[in-house]
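As a plain string of letters, each chain reads:
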Amino acid sequence: METSHTPPKTLHYIGIFVALAVLTGIEIAASTAIAGSALRVVLLLGLAVSKATLVALYYMHLRYDSRMFAVIFLIPVVFFIGFVLALAFS
Amino acid sequence: MDNRKIGVWLFIASEVIFFAGLISAYLLYVQGGRVEKPVHAMSVPLVGLNTFILIVSSLMMVLAFASVQRGSQRGLRLFLFLTMVFGLLFLGGQAYEFATLFREGITPTTSLFGTAFFTLTGFHGAHVAVGVLWILAVLIKSLSGRYSPANPIPIEVVGLYWHFVDIVWIMLFTIIYLL
């Protein structure tokens, strides 16, 4: 099922790059500014997942491409989250 | 829907599971507190710069794809070349980091941390190296003008692989160096 969205233009790609660079800077600053706590882990993982999502949606075009590709990609990601949760609570 | 795209997405799905196993093992041993992370020997600024370099390479890759979509052969070759250059810079940074850790006595065989760390980052580096070779092959083929708005899929497919390798590093940077 192809969507009708128009793929992004060059300026859009550069905007995503700026967002990724800024988020990386925030990650590094937060890792040193916030002492070890659950909030720190949640914040840093949230920033990493946000960056990964931006790359997948806009650079890999999942936002504009067939939803089947998103499903193919997300199924093993769910398994991965399952691995980590199983280990965390084992 | 192009079969080459379905194929590369299925391959990426298998790679997610591959890295999921390695990351889970790292989390179990290192973040689980079974071994101590040698924080003194790990340079976040250096690896942060390397992360930035890989993000720049992803921008170059997507600009290569945008170039082929609008029929710019010159743009395609330039941005493929720059993607490769930034990929090689990343590998150079990783080699420098590995050499620094070796000098500190941290190797794949000296500790559980070393085994988990070098297995995870080493396999990622190998994926970057394979990506650089793939881009080089595509760049050489592009010299004959075979890629065009009517035939952009080979560029999109190598781009999907490259961006996936970038996503893996984005997660590794946080899990290994920042947490």
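Our structure is the block above this text.
I would appreciate a short explanation of the packing of helix H1 (residues 10–33) of chain A against helix H2 (residues 38–59) of chain A in the present structure.
Residues and elements named next belong to chain A. For the pair H1 and H2, the least separation of the axes is 10 Å and the interaxial angle reads 165°. By the criterion of interaxial angle, the relationship of H1 to H2 is roughly antiparallel. For the element pair H1 and H2, the recorded crossing hand is left-handed. Mapping the contact onto sequence places His12, Tyr13, Ile16, Phe17, Ala19, Leu20, Leu23, Thr24, Ile26, Glu27, Ala30 and Ser31 in H1 and Arg40, Leu43, Leu44, Leu47, Ala48, Ser50, Lys51, Leu54, Val55, Tyr58 and Tyr59 in H2. Its residues assigned to classes, the contact of H1 with H2 comprises 16 nonpolar, four polar and three charged.

Explain the packing of aromatic side chains to me, please; I cannot follow it from the model alone.
Working definition: an aromatic ring pair is given by the centre-to-centre distance plus the angle between the planes. All names here are of chain B. Evaluation of the coordinates by the stated rule reveals 19 aromatic pairs over all chains. Between Phe113 and Phe117, the aromatic rings sit 5.4 Å apart at their centres with planes inclined by 20°, giving stacked as the arrangement. Taken as a pair, Phe113 and Phe117 lie in helix H4 (residues 112–142) at a separation of four residues, close to a single helical turn. Accessibility classification places Phe113 together with Phe117 in one group, the buried group. Here a set of aromatic residues connected by ring pairs shows up, and it is made of Tyr26, Phe90, Phe98, Phe102, Phe113, Phe117, Phe118, Trp169, Phe173 and Tyr177.

For this particular structure, what's the right way to read the nonpolar core?
A general feature of soluble globular proteins is that nonpolar side chains tend to end up buried together. Ranked by internal contacts, the top residues of the largest apolar core, which has 93 residues, are Tyr59 and Phe73 of chain A together with Trp9, Leu80, Phe117, Ile155 and Tyr177 of chain B. Contributing elements (two or more residues each) for this core: H1, H2 and helix H3 (67–88) of chain A together with helix H1 (3–31), helix H2 (44–69), helix H3 (73–103), H4 and helix H5 (153–178) of chain B. Excluding residues that lie within four positions of it along the chain, Tyr177 of chain B makes contacts with Lys37, Met42, Val44, Val47, Glu97, Phe117, Thr121, Trp169 and Leu172 of chain B.

Which parts of the structure should I look at to understand the packing of H2 of chain B against H3 of chain B?
How two helices pack is summed up by the angle between their axes together with the distance between the axes. All names here are of chain B. Where H2 meets H3, the axes come as close as 8 Å, and the angle between the chain directions of the two elements is 165°. Relative to H3, the element H2 lies roughly antiparallel. For the element pair H2 and H3, the recorded crossing hand is left-handed. Residues belonging to the contact of H2 with H3 are distributed by class as follows: 18 nonpolar, eight polar and one charged.

What counts and what doesn't
- Residues numbered from 1 in each chain as written.
- Chains lettered and ligands numbered in written order.
- Predicted model: local features only at pLDDT ≥ 70, side-chain atom pairs only at ≥ 80, totals over all residues.
- Heavy atoms only, no water.
- Axes fitted to C-alpha atoms, helices over the stretch in contact; angles between N-to-C directions.
- Helix = DSSP H or I, 4+ residues; strand = E, 2+ residues; numbered from the N terminus.
- Parallel < 35°, antiparallel > 145°, perpendicular 65-115°, else oblique.
- Left-handed = near helix turned anticlockwise from the far one by under 90°.
- Contact = heavy atoms within 4.5 Å.
- Nonpolar A, V, L, I, M, F, W, Y, C, P; charged D, E, K, R; others polar.
- Phe/Tyr/Trp six-rings, centres within 6.5 Å; stacked < 30°, edge-to-face > 60°.
- Buried < 20%, exposed > 50% of the residue type's maximum accessible area, 1.4 Å probe, protein only.
- Core = buried A, V, L, I, M, F, W, Y, C linked by side-chain atoms within 4.5 Å.

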